[in-house]
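# A look at the structure
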Amino acid sequence: MDEAHGRIEFREIDEHGNALEHHLESPEAARRAAVNPFIIGLWVLELGLAIAIMVIINEAMTPFTPTPGNTMPFAYFLSTMTPQLLQSAALILATLLFWHAWQWQKRKASR
């Protein structure tokens, strides 16, 4: 009766009916290979945008100092870029959060 409840094993066979060796990767190796470099790049870009926005807001809070000639003050130039940087940072963050949620859902469904 113990043999009837034994472990069932499935093996792949080639076209001649010979059993093929099956090498399973360790879970640690599969997890290490699952790191997506593009997602890491997006997180770095998101961090860079957040720091840039903080620097821009800090520079915009300083009083505009007159510059020689007819050039635009650098703080004013940075403050005009802030809405576009905020929008791109929010879009990248939302994209990353949806991607992580999708990966989590995919892993949960495969269990």
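The preceding data block contains the structure.
Below or above, wherever it landed, is the structure these notes cover. Throughout this document, residue positions are counted from 1 along each chain, in the order its sequence is written. Predicted model: local features are reported for residues with pLDDT of at least 70 only, side-chain atom pairs are reported and counted for 80 or more only, and whole-chain, interface and lining totals are derived from all residues. Derived side-chain values reflect all non-hydrogen atoms in the structure, with water molecules and hydrogen atoms excluded from consideration.

This brings us to the overall build of the chain. The helix count covers DSSP runs of H or I at least four residues long, the strand count covers runs of E at least two residues long, and both are numbered beginning at the N terminus. In terms of helices and strands, the chain carries 3 helices and 0 strands. The linear arrangement of helices and strands in the chain, starting from the amino end, is α-α-α. For the chain, the residues scored as buried account for 12% of the 111 residues in total. Note on definitions: a residue-residue contact is assigned when non-hydrogen atoms from the two residues lie within 4.5 Å. Counting only contacts in the chain whose residues sit at least 6 apart along the sequence, the fraction spanning at least 24 positions is 59%. Accessible surface, the chain: about 10000 Å² in total, of which carbon and sulfur atoms supply 65%. To sort residues, take the accessible area from a 1.4 Å probe on protein chains only and compare it with the maximum for the residue type: under 20% means buried, over 50% means exposed, and anything in between is partly exposed. Areas reported as accessible are Shrake-Rupley estimates using a 1.4 Å probe. Residue values count occlusion only from the protein chains shown.

Residues forming no salt bridge and having over 30% relative accessible area are the ones grouped into patches, like charges within 9 Å of each other and nonpolar side chains (Val, Leu, Ile, Met, Phe, Trp, Tyr) within 5 Å. Just to be clear on terms, a salt bridge is a Lys or Arg side-chain nitrogen sitting within 4 Å of an Asp or Glu carboxyl oxygen. Counted as positive: Lys and Arg. Counted as negative: Asp and Glu, with His and the chain ends omitted from the count. The location of each charge is read from NZ of Lys, CZ of Arg, CG of Asp or CD of Glu. Together, Lys-106, Arg-107, Lys-108 and Arg-111 make up a positively charged patch on the protein surface. Within the secondary structure, Lys-108 sits in helix 3 (residues 74-110). Look at Lys-108 and you get partly exposed, because its relative accessible area is 49%.

Note that Leu-47 resides in helix 2 (residues 37-61). Sequence separation between Leu-47 and Ala-89 is 42 residues; the distance between their C-alpha atoms is 8.7 Å.

Moving on to the environment of Ile-53. Within the secondary structure, Ile-53 is located in helix 2. A C-alpha to C-alpha distance of 9.1 Å links Ile-53 and Leu-78, two positions 25 residues apart in sequence. In this view, Ile-53 contacts Leu-85, Leu-86 and Ala-89; residues no more than four positions away in its chain are not counted.

We define the nonpolar core as a collection of buried residues of types Ala, Val, Leu, Ile, Met, Phe, Trp, Tyr and Cys that are connected through side-chain atoms lying within 4.5 Å of one another. Listed in full, the 9 residues of the largest apolar core are Ile-39, Leu-49, Ile-53, Ile-56, Leu-78, Leu-85, Ala-89, Ile-92 and Leu-96. For this core, the elements supplying multiple residues, two or more each, are helix 2 and helix 3. It is helix 3 that contributes the most residues to this core, 5 residues altogether.

Take Thr-82: it is sitting in helix 3. Residue Thr-82 is classed as buried on the basis of its relative accessible area of 12%. Residues in contact with Thr-82, not counting those within four places in the same chain, are Ile-56 and Ile-57.

In short, shape yes, function no, at least from these values alone.
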